[in-house]
Amino acid sequence: MILKIIIGIIVGFIFGYTLQRTGITKYPRVMGMLLLKDFKILKFMLTAVTFSMIGFYTLDSMGIIELNPKPLDWGKLVGGLIFGAGMGLLGYCPGTMLSRIGEGKKDAWVGLFGTVLGILFFAVNVKFFKTHFTSKSISGDISEALGINQWIIVPIAAILFIAIIYLANKKVDDFKHNF
Amino acid sequence: MKLKQQKNGEWHWFTGGIIVSLLAMATYVVFQALSYKSYPFGITASFGSITTLFKYPFTALAENPIIQKYSNSPAALISTTMIFSVALGGFVAAKLNKNYAPELIPSVWKKYHGPSVLKRFIIVLFGGFLLGLGAVLASGCTTGNILQGWAHLSLGSLVAGASFFITGIIVAKILYPKTGGQQS
């Protein structure tokens, strides 16, 4: 039990600290990304994704971990679209919302309450959502789905992500000044 | 340790990205060693663990499969702790670097949509509702579906993550139709 609390404190603290220090929690920055004007968050995200992807697949090949790809179902698309609309209205996602609460941004508290209500709404109507959106799914394993070896897909994905980072990097970071 | 900083005092995106990536990998290894079958940084699960509190005033919810899932998950205590520790991380980072600036509503919002706190709070409450509903339906938020799901190249996460941006961009455009440098 103590171990779980310690893990929770360390992981959460580093995460919240990094988000704040990198400036990911800023409202103009999140909106700037969605307005396709400020790509710092995109570059931050794709750096993390590319590095972790190589790490996860290497650790998997070494037998240290087992990959756990999320299956594809209609909930991913519909839920993703609903989530995106919420993110646009709020100007932050759940992780940055918590870090923003720490930063003293009061409206994030209201967002937290709303998020909990949204989850409660799902829980109460779980039968409806399960039968309509998540009852049928296909495996999320991309190399299985495409029938291509993962060590061909991973480098291609890495090149693609790095190319996006490179293109995004040509834009200015600090959108705040011309918002 | 002095990390390279940008002119505005922020960490470079590369620094932040690498730290989050190392964190994601380290926690994943620890979680699998402890044989937890979920993603370590389930921030959605953290919000789920707050939602389980509703089973105390509304006892019928104790039978609800989603509430039970969040209550009985072996990582439930980690998720609950993370609610506080992520906020604490943000607080300490802001305080240490002297950019702790409490505000009721974002100043950019105020500039374009007026100073009404009530208006912003209603929008935020509704936005939060959509965020929570969408996150559980897509089984993950930005952390679960992008930072980790994309790193696993999960088909589900690639679709979910891309759809976050589709509606996100549309809503941002509706809220700030003319912003794009022209107004500055």
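Look above for the structure.
The rules we used
- Per chain, the residues get numbers from 1 upward, laid out in the order the sequence is written.
- Just so you know, chain letters begin at A and ligand numbers begin at 1, following the order they were written in.
- Given that this is a predicted model, residues contribute local features only at a pLDDT of at least 70 and side-chain atom pairs are listed and counted only at 80 or more, while totals for whole chains, interfaces and linings are drawn from all residues.
- Water and hydrogen atoms play no part in the side-chain values, which are based on all heavy atoms of the structure.
- Interaxial angles span 0 to 180 degrees and are taken between N-to-C directions of axes, which are lines fitted to C-alpha atoms, for helices over the stretch in contact.
- For helices the rule is a DSSP run of H or I covering at least 4 residues; for strands it is a run of E covering at least 2, with both sets numbered from the N terminus onward.
- The labels follow the angle: roughly parallel below 35 degrees, roughly antiparallel above 145, roughly perpendicular from 65 to 115, and oblique for the rest.
- Any two residues having at least one pair of non-hydrogen atoms within 4.5 Å are treated as being in contact.
- Note on residue categories: nonpolar means Ala, Val, Leu, Ile, Met, Phe, Trp, Tyr, Cys or Pro, charged means Asp, Glu, Lys or Arg, and polar means any other residue, Gly included.
- Salt bridges are defined by distance alone: a side-chain nitrogen of Lys or Arg within 4 Å of a carboxyl oxygen of Asp or Glu.
- The buried label goes to any residue with under 20% of its type's maximum accessible area, the exposed label to any with over 50%, and the partly exposed label to all in between, with areas taken from a 1.4 Å probe on protein chains only.
- Here the aromatic set is Phe, Tyr and Trp, taking the six-membered ring for Trp, and pairing holds for ring centres within 6.5 Å; pairs whose planes are under 30 degrees apart are stacked, those over 60 apart are edge-to-face, and all others are tilted.

Draft legend 1. The arrangement of the packing of helix H2 (residues 43-51) of chain B against helix H4 (residues 76-96) of chain B in detail. Residue and element names in this part refer to chain B. With their axes 8 Å apart at the nearest point, H2 and H4 run at an angle of 100 degrees to one another. One finds that H2 runs roughly perpendicular with respect to H4. Along the contact surface, H2 presents Ile43, Ala45, Ser46, Phe47, Ser49 and Ile50, while H4 presents Ala76, Ser79, Thr80, Met82, Ile83 and Val86. Considering only residue class, the contact of H2 with H4 consists of 8 nonpolar, 4 polar and no charged.

Draft legend 2. Spatial organisation of the pattern of salt bridges. Under the criterion given, the structure shown has 7 salt bridges over all chains. Arg29 of chain A is paired through a salt bridge with Asp38 of chain A; the nearest N and O atoms lie 3.2 Å apart. We note that Arg29 of chain A, like Asp38 of chain A, is buried. Residue Arg100 of chain A pairs with Asp107 of chain A through a salt bridge whose shortest N-O separation is 3.7 Å. Taken individually, Arg100 of chain A and Asp107 of chain A each receive the classification buried, so the pair is uniform in this respect. Each of Lys26, Arg29, Asp38 and Lys40 of chain A together with Glu10 of chain B takes part in a single network of salt bridges with overlapping partners.

Draft legend 3. Representation of the environment of Val92 of chain B within the structure. Structurally, the position occupied by Val92 of chain B is in helix H4. Taking relative accessible area as the criterion, Val92 of chain B reaches 22% and is therefore assigned partly exposed. Not counting the four nearest positions on each side in its chain, Val92 of chain B is found in contact with Phe13 and Tyr17 of chain A.

Draft legend 4. Geometry of the packing of aromatic side chains. Inspection of the entire model under this criterion finds 16 aromatic pairs over all chains. When the centroid spacing of 5.5 Å and the interplanar angle of 85 degrees are considered together, the rings of Phe91 of chain B and Tyr100 of chain B count as edge-to-face. Judged by relative accessible area, Tyr100 of chain B falls into the partly exposed class, the value being 29%. Through a chain of ring-to-ring contacts, three or more aromatic side chains come together here, namely Phe121, Phe122, Phe128, Phe129 and Phe133 of chain A together with Phe129 of chain B.

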